[in-house]
Amino acid sequence: TTFLLVGFLVLNAGTSVRAEEPKILIDKATATVNAILGDSNYAIAKKYLARAKGVLVIPGLVKAGFIIGGEAGEGALLSRNDKGKWSGPAFYLLVAGSIGWQIGVESKEMVLIVMTEKGLNSLMSNQIKIGADVSVTAGTIGGGAAASTVGSVGADFIAFSKSKGLFGGGALDGALIKTVPDSNESYYGTAASPKQILIERKFDNPHADTLRQALSQ
């Protein structure tokens, strides 16, 4: 049932989420990275980024529901090479669904750090399912490095988020991450696949420099 709900949200949430202009999304992603990395409670996120394979920044993951809920948000994925250089961004949509007693609306800023080659390679597909194709764990806020590594060893993704508003739940298991080809084409002026952007690095846009600088701070 949850899987069917996620599919419904993919079809019905995409129009409003993907209405965001890619350049505006990148500007918001930069603000999200600065907000999270600039907060001492998220200091461990910097250490994960230093050995990450990539990072998916979702500046507006909106969740709403009455008994049946769901969340969706578009984000930018950048890969990090062995020299620590960040690629240009490729655009993705994360959609999740949940069923249970819940009332509320929540807007969440999320940084999903890609820790493994498996995690990065999976994102070269048109769509992946968290929990089935890749594993994710929540990054512990505060408490130092020792507390933050508990439960994160071996995970493909580590998620850090800041929320505005209250909403129960929040597990990402079962969520879908889909590519957004139209946003890639709009941002680069030509059809560009995630592999060409993130792995082969055939495409770039200097507009993303501020985001890359934020990730390298």
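The structure under discussion appears in the preceding block.
**Some remarks on unusual backbone geometry**
Alright, step 1. Positive phi, normally seen in glycine, also occurs at R201, with a value near 55°.
Alright, step 2. Secondary-structure assignment places R201 in the loop between α7 (194-199) and α8 (209-216).

**A closer look at the pattern of salt bridges**
Alright, step 1. A full pass over the atoms with the stated rule returns five salt bridges.
Alright, step 2. The shortest N-O distance in the salt bridge between R212 and D209 comes to 2.6 Å. Here R212 pairs with D209, and both are found in helix α8, just three residues apart, close to one helical turn.
Alright, step 3. On the basis of relative accessible area, D209 is assigned to the partly exposed category, the value being 32%.
Alright, step 4. One salt-bridge network, in which partners are shared between bridges, spans D204, D209 and R212.

**A closer look at the packing of aromatic side chains**
Alright, step 1. For the structure shown, the criterion picks out five aromatic pairs.
Alright, step 2. On the basis of an interplanar angle of 45° and a centroid distance of 6.1 Å, the ring pair of Y48 and F160 is categorised as tilted. Here Y48, found in helix α3 (residues 43-49), pairs with F160, found in strand β5 (residues 157-164); they are 112 residues apart in sequence, far enough to count as distant.
Alright, step 3. The class of Y48 is buried, set by a relative accessible area of 2%.
Alright, step 4. Between Y187 and Y188, the aromatic rings sit 5.1 Å apart at their centres with planes inclined by 90°, giving edge-to-face as the arrangement.
Alright, step 5. Given a relative accessible area of 12%, Y188 falls into the buried group.
Alright, step 6. Taken together, the ring pairs connect F91, Y187, Y188 and F203 into an aromatic cluster.

Rules and cut-offs
- Residues numbered from 1 in each chain as written.
- Predicted model: local features only at pLDDT ≥ 70, side-chain atom pairs only at ≥ 80, totals over all residues.
- Heavy atoms only, no water.
- Helix = DSSP H or I, 4+ residues; strand = E, 2+ residues; numbered from the N terminus.
- Salt bridge = Lys/Arg side-chain N within 4 Å of Asp/Glu carboxyl O.
- Buried < 20%, exposed > 50% of the residue type's maximum accessible area, 1.4 Å probe, protein only.
- Phe/Tyr/Trp six-rings, centres within 6.5 Å; stacked < 30°, edge-to-face > 60°.

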